[in-house]
Protein chains: 2
Amino acid sequence: MAGIRDVAKLAGVSTATVTRALRDEASVTPETKAKVRAAAARLDYVPSAAARALSQGRSSLLGLFVPDIVNPFYAEVAQGMADRAAEANYHCVIASSHLNPERERQLVTSLHDGTLAGLAATTVGTDESFTSALTGQRGPLVLVDRRPRGIRAPLVRTDNRKVTREAVGQFFAMGHTKVAMISGPRDFDTACQRLSGFRLAYKDAGLPLRDEYIRHGHLGEAGGLAAMRELLALPSPPTAVFCFNNLVTVGALMAIRTAGLKVPGDISILAFDDMSLFPLVDPPITAIAQPAYQMGRAAADLLLRQLGGEKSPADVVLPATLIERESLAPPGFN
Amino acid sequence: MAGIRDVAKLAGVSTATVTRALRDEASVTPETKAKVRAAAARLDYVPSAAARALSQGRSSLLGLFVPDIVNPFYAEVAQGMADRAAEANYHCVIASSHLNPERERQLVTSLHDGTLAGLAATTVGTDESFTSALTGQRGPLVLVDRRPRGIRAPLVRTDNRKVTREAVGQFFAMGHTKVAMISGPRDFDTACQRLSGFRLAYKDAGLPLRDEYIRHGHLGEAGGLAAMRELLALPSPPTAVFCFNNLVTVGALMAIRTAGLKVPGDISILAFDDMSLFPLVDPPITAIAQPAYQMGRAAADLLLRQLGGEKSPADVVLPATLIERESLAPPGFN
DNA sequence: TTGTACGCGTTATCAC
DNA sequence: GTGATAACGCGTACAA
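Calculation rules
Residues numbered from 1 in each chain as written. Chains lettered and ligands numbered in written order. Predicted model: local features only at pLDDT ≥ 70, side-chain atom pairs only at ≥ 80, totals over all residues. Heavy atoms only, no water. Helix = DSSP H or I, 4+ residues; strand = E, 2+ residues; numbered from the N terminus. Rg over C-alpha atoms; globule rule 2.2 N^0.38 Å. Buried < 20%, exposed > 50% of the residue type's maximum accessible area, 1.4 Å probe, protein only. Contact = heavy atoms within 4.5 Å. Areas by Shrake-Rupley, 256 points an atom, 1.4 Å probe, with all protein chains shown as cover. Core = buried A, V, L, I, M, F, W, Y, C linked by side-chain atoms within 4.5 Å. Near = heavy atom within 4 Å. Polar contact = N/O pair within 3.5 Å; in protein donor to acceptor, adjacent residues only side chain to side chain. Nonpolar A, V, L, I, M, F, W, Y, C, P; charged D, E, K, R; others polar. Expected span 1.5 Å × (residues − 1). Buried area = accessible area lost by both parts, 1.4 Å probe. Salt bridge = Lys/Arg side-chain N within 4 Å of Asp/Glu carboxyl O. Pairing = 2+ DSSP bridges. Axes fitted to C-alpha atoms, helices over the stretch in contact; angles between N-to-C directions. Least-squares fit on C-alpha atoms with pLDDT ≥ 70 in both.

1. Considerations on the overall build of chain A
In step 1: A count of helices and strands for chain A gives 12 helices and 12 strands.
In step 2: Here chain A has a C-alpha radius of gyration of 25 Å; the compact-globule value for 334 residues is 20 Å, and the former is much larger.
In step 3: Each principal axis of the C-alpha atoms in chain A carries an extent, and together these give about 85 × 40 × 30 Å.
In step 4: A buried classification covers 55% of the 334 residues belonging to chain A.
In step 5: Contacts in chain A between residues at least 24 apart in sequence constitute 70% of all its contacts with a sequence separation of at least 6.
In step 6: For chain A, the exposed area adds up to about 13900 Å²; of that, 50% sits on carbon and sulfur atoms.

2. Observations regarding the nonpolar core
In step 1: With 93 residues, the main nonpolar core has M228 of chain A together with M228 of chain B as its most contacted residues.
In step 2: With 8 residues, the single largest contributor to this core is helix α11 (residues 246–258) of chain A.
In step 3: Residues within four places of M228 of chain A in sequence aside, it is in contact with I182, V241, A252, A255, I256, I267 and I269 of chain A.
In step 4: Counting residues in each nonpolar core, the second largest holds 62 residues, with L62, A78, A298 and V316 of chain A among its members.

3. Re the protein's contact with DNA strand D
In step 1: Inspection of the region around DNA strand D gives 26 residues, with I4 and S55 of chain A together with T17, R20 and T32 of chain B positioned closest.
In step 2: Of all DNA strand D atoms lying within 4 Å of any protein atom, the proportion belonging to sugar or phosphate reaches 66%.
In step 3: Between DNA strand D and I4 of chain A, the relevant distance is 2.7 Å, taken from a phosphate oxygen to a main-chain nitrogen or oxygen of the residue.
In step 4: Listed by contribution, the elements that provide at least two residues to the surface near DNA strand D are α2 (15–22) and α4 (49–56) of chain A together with α2 (15–22) and α4 (49–56) of chain B.
In step 5: Among the residues forming the surface near DNA strand D, the class breakdown is 9 nonpolar, 13 polar and 4 charged.

4. Remarks on the environment of Q306 of chain A
Residue and element names in this part refer to chain A.
In step 1: For Q306, the position within the fold is in helix α12 (residues 292–307).
In step 2: Q306 sits in the buried class, given a relative accessible area of 17%.
In step 3: Sequence separation of Q306 and P140 is 166 residues, and the distance between their C-alpha atoms is 6.4 Å.
In step 4: For Q306, the residues in contact, after removing those within four places along its chain, are P140, L141, V142, P154, K311 and P313.

5. A look at helix α12 (residues 292–307) of chain B
In step 1: In this model, α12 of chain B (16 residues) spans 23 Å end to end at C-alpha, consistent with the 22 Å of a helix rising 1.5 Å per residue.
In step 2: Where α12 of chain B ends, the next residue or the one after it, G309 of chain B, has phi of about 115°, a positive value.

6. Comments concerning the interface of chain A and chain B
Often the size quoted for an interface is simply the accessible area lost on bringing the parts together.
In step 1: Contact with chain A, which involves 46 residues of that partner, is made by 46 residues of chain B.
In step 2: Here chain A and chain B share an interface that buries about 4000 Å² over both sides, 66% of which is from carbon and sulfur atoms.
In step 3: At the junction of chain A and chain B, the tally comes to 2 salt bridges.
In step 4: Of the charged contacts, one joins R103 of chain A and D83 of chain B as a salt bridge, the two residues approaching to 2.7 Å between their closest N and O atoms.

7. Some thoughts on the sheet that holds strand β10 (residues 286–289) of chain A
Within a sheet, adjacent strands bond to each other through the backbone by hydrogen bonds, running parallel or antiparallel.
Residues and elements named next belong to chain A.
In step 1: A sheet is described by the order of its strands in space; here 6 strands give the open sequence β7-β6-β8-β9-β10-β12, paired in mixed fashion. In this open sheet, the two edge strands, each paired with only one partner strand, are β7 (214–215) and β12 (321–323).
In step 2: Where strand β8 (residues 240–243) meets strand β9 (residues 268–272), 4 bridges bridge the pair, whose relative direction is parallel. Note that in β9 the partner of A240 across the bridge is S268.
In step 3: Set on the sheet, helix α8 (residues 160–173) makes contact with β6 (179–182), β8, β9, β10 and β12; between it and β9 the angle comes to about 170°.
In step 4: Sheet strands touched by α11: β6, β8 and β9. Its angle to β9, the strand with the most contacts, is close to 160°.

8. Quick notes on the pattern of salt bridges
One side chain can pair with another of opposite charge once the charged atoms of both are near each other.
In step 1: If you walk through the whole model with that rule in mind, you get 36 salt bridges over all chains.
In step 2: The partner of D145 of chain A in a salt bridge is R194 of chain A, with the nearest N and O atoms 3.9 Å apart. Taken as a pair, D145 of chain A in the loop between β4 (141–144) and β5 (155–158) and R194 of chain A in helix α9 (residues 189–205) lie far apart in primary sequence, 49 residues in all.
In step 3: Looking at D145 of chain A, the relative accessible area reads 4%, which means it is buried.
In step 4: Two residues, E310 of chain B and R305 of chain B, come together in a salt bridge whose shortest N-O distance is 3.2 Å.
In step 5: Using a relative accessible area of 33% as the deciding quantity, one classes R305 of chain B as partly exposed.
In step 6: Through salt bridges that share partners, R84, E87, R297, D301, R305 and E310 of chain A make up one connected network.

9. A short note on the relation of the copies chain A and chain B
In step 1: Once chain A has been moved 0.1 Å along the axis and rotated by 180°, it coincides with chain B to within an RMSD of 0.2 Å. Within this description, the copies of the chain are treated as partners about a two-fold rotation axis.
In step 2: A share of 100% of interface residues in chain A that are also interface residues in chain B marks the association as one of identical surfaces.

What follows is the structure, given as structure tokens:
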């Protein structure tokens, strides 16, 4: 482990010159630079990240906080963020909470020690103790996908309401009248927005919406499965269902399969969030795709801009797109 | 941003005592501890990670290097690793190279500055320049899934050969005689091991293996798609195919679908690596599942043990299991 | 253009 | 049990 002093000695210059030479500053003679570089190379010298971070008061790590890194949506966000970060010589610390609010709070808190220069987060927890933990972060904060109540920070999101309204409209265009939604937790703004789009689509169609066709509070496979079961058990079950997110969709599909029903013959399905395997599912699933990778890039970008001095950048709204496959059909279709 | 000096002053003790009190060392009076804790809490004091890392000569970050974080296999490894790391108060830096060897080398090199206390890696690059980059790492190194040539480090893996031999044996038990394999790069030890298991299964069945039934060098969806196309174009195409990994399987399935063929009627498929959506694919895909989460935990564990002073821990071999679904059937089955 | 010297915030060593 | 102080390794005024 050679230090800057060793390099300085070997190159016959001062440590200050070593720093400057290695940063390729204009104030250093080409010859001096050459000497220093040679010495550094010979000693396998790499400046210590810790010393640099301490000296500069800022690390070169960006944090990404997600509910579940195994969910491909967040994995893609992570990839986008890491790529953008790398362009600015930052690395990416990813923390995933397994959808566990308690663990989420712990993780965020444990990163308040300056490990991170900035933090991008998609959170699940909604209580006060959590949001305050989030704002305890030293550097800039950016929100991805959803904004918890009471937190002021730039947000990267898609236009949930608009795209949902249009996509769900397809159900009605096909002649469905009994359309249900498996929605997320009531205190998620994304759930509210998608639900709002869903209601608008009903309104556009001039149809009444029954309360029992909206199932609140579901997240993850288990939630989708349970919600779909309830829906199927209704006296007058829906003929089409809009699923709040990718995992909920998976759970819903399993419930349908277990019940011996067929998609889209017995029931049509529309998913929010695409998955790479949706084209291979029986049947291929029609989905609203969010530009996850771009969202990750945008989040990193927002962070980098704040680190660069920009005060409070505006929210970034990216377009989501409907990908039509084969899980939608007119009611009673065979 | 209160520092340790502020806390010391407010508590009326020295900085050394602050450290000791906050670490709950036995050599500090309960009263002193209480004073210090109160002061720290009042000032929102959090020890600086950078200063601590510099002082201790070691960060509390573990690195995980994967080819593609969007691949759920690696995402699960990451989750396992992060969970185990958290138990020891470490965080996890994840770097993903998009299967790009050049980027891979850059990333690894850029982390040689002591950012990481230890590194776990699954690599794709195989040339000398890369392997040497890998060993330039300051702390301990652990390999996951596969070991590049010429690198000495503990490895976490599954018993590829054994499980492949058994699983592929099912093809023959069902009466298949024309069984192909879409294999990975020749210089991957995992590819060699799985290929070896594949050959053994042929041997067990007492059948001859045609060279054209082995397609080397494929990785990712595009590779699987191309390889399957070639296989289908053969004068005597196989009736069963074993796929080297999950993404290759996805590509292969797409090629089969595009060709208008049916699984398993026209062709049986066995995948290495499971995916959460495989049960929902048409048909549900039979797969060999590696315990990805456990592998991640094991990798972190190996790293932590080395950080704890253990010299060179032995490799960890975890069991993989065959998950039978519906993509296998006797040849000519309808 | 280059060198000197100090600060960054902790932890560890020693002395008390 | 507690305090003073020297590292840790780099960046950067400021001086030369």
